[in-house]
Amino acid sequence: MATVTVERAIAAPPEAVFDAWLDPDQAGRWLFRTPDGTLECCEIDARVGGGFRIDERRGEEIAEHYGEYVEIDRPSRLAFDFWTSFSDERTRVTIDIAPNGAGSRLKLTHEGVWEDWTEKTRQGWTTILGGLAQALEQET
């Protein structure tokens, strides 16, 4: 198993970046979204032991994404166990957010990634964090 780390500067304060992960209206616009997909479901129970489910229709299939929150420390850290409809094997995603001038610096660490999925996972998270940055920029 491998660990994937992705970092991104975001032009929004840490509180706004953190909250975007836990608000269903915001997360539904960017989390696990693809350009051609259609959001089917975005449910978030934002508490330790709670979780999320985000489903996106991609052509004929529905990609289901699940998480269970293991750490919520607003506005600096969020961690969740993660699995999908493609694999029920749980992995761990940790998001660390720090002030960066007027914005934030986000570091995402995904542990337990299959070795042959390392680059695809890195590309996926890079795209997702780009969507997060874009969604927050549209709000300001």
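Predicted, not measured: the structure shown is a model, and the values here were computed from it. (Residues numbered from 1 in each chain as written. Predicted model: local features only at pLDDT ≥ 70, side-chain atom pairs only at ≥ 80, totals over all residues. Heavy atoms only, no water.)

## Notes on the pattern of salt bridges
Phase 1: A full pass over the atoms with the stated rule returns 13 salt bridges.
Phase 2: The salt bridge involving Asp 96 is made with Arg 77; its shortest N-O contact spans 3.2 Å. A residue pair is termed long-range when its members are at least 10 positions apart, and Asp 96 in strand 6 (residues 91–100) and Arg 77 in strand 5 (residues 77–84) qualify at 19 residues.
Phase 3: Here Arg 122 and Glu 119 are joined by a salt bridge, their closest N and O atoms 3.4 Å apart. Here Glu 119 and Arg 122 lie together in helix 3 (residues 118–139), a separation of three residues that amounts to about one turn.
Phase 4: The partly exposed category is assigned to Arg 122, whose relative accessible area is 28%.
Phase 5: Its relative accessible area of 44% is what places Glu 119 among the partly exposed residues. (Salt bridge = Lys/Arg side-chain N within 4 Å of Asp/Glu carboxyl O. Helix = DSSP H or I, 4+ residues; strand = E, 2+ residues; numbered from the N terminus. Buried < 20%, exposed > 50% of the residue type's maximum accessible area, 1.4 Å probe, protein only.)

## Quick word on the pairing of strand 5
Phase 1: The element strand 5 is largely enclosed, with a buried count of seven among its eight residues.
Phase 2: By the bridge criterion, eight bridges tie strand 4 (residues 61–73) to strand 5 in an arrangement that is antiparallel. Bridged to His 65 within strand 5 is Thr 84.
Phase 3: Here strand 4 hands over to strand 5 after three residues, the two strands then running antiparallel side by side.
Phase 4: As judged from the six bridges shared by strand 5 and strand 6, these two strands associate in the antiparallel manner. Note on strand 6: the bridge partner recorded for Ala 79 is Thr 94.
Phase 5: Hairpin geometry of strand 5 and strand 6 is characterised by an intervening segment of six residues between the two adjacent antiparallel strands. (Pairing = 2+ DSSP bridges.)

## A look at the sheet that holds strand 1 (residues 2–10)
Phase 1: Strand order in the open sheet formed by seven strands is 1-7-6-5-4-3-2, and the pairing between neighbours is antiparallel. The two strands at the open ends of the sheet, each matched to only one other strand, are strand 1 and strand 2 (38–44). The sheet shows a mean angle of 20 degrees between the axes of neighbouring strands, direction not considered.
Phase 2: Sheet topology note: the strand 3 (residues 51–58)/strand 4 ladder contains eight bridges and is antiparallel. Residue pairing for strand 4: Asp 55 is matched across the bridge by Glu 64.
Phase 3: The strands touched by helix 3 within the sheet are strand 1, strand 5, strand 6 and strand 7 (103–113), with strand 1 carrying the most contacts at an inclination of about 20 degrees. (Axes fitted to C-alpha atoms, helices over the stretch in contact; angles between N-to-C directions. Contact = heavy atoms within 4.5 Å.)

## Re the environment of Met 1
Phase 1: When you line up the elements, Met 1 lands in the segment before strand 1.
Phase 2: Note: C-alpha distance between Met 1 and Phe 86 (85 residues apart in sequence) is 17 Å.
Phase 3: With sequence-adjacent residues up to four places away left out, Met 1 is seen in contact with Glu 89, Gly 112, Val 113, Trp 114 and Glu 115.

## Quick notes on the packing of aromatic side chains
Phase 1: Under the criterion given, the structure shown has eleven aromatic pairs.
Phase 2: Judged by centre distance (6.4 Å) and plane angle (75 degrees), the ring pair of Phe 80 and Phe 82 falls under edge-to-face. Of the two residues, Phe 80 and Phe 82, neither departs from the other in class, the shared state being buried.
Phase 3: Grouped by ring-pair contacts, the aromatic residues Phe 32, Phe 52, Tyr 69, Phe 80, Phe 82 and Trp 125 constitute a single cluster.
Phase 4: Directly above the aromatic system of Trp 83 lies the positively charged group of Arg 90, at a separation of 3.8 Å from the ring centroid. (Phe/Tyr/Trp six-rings, centres within 6.5 Å; stacked < 30°, edge-to-face > 60°. Lys NZ or Arg CZ within 6 Å of the ring centre and 35° of its normal.)

So yeah, pure geometry; function would need other evidence.
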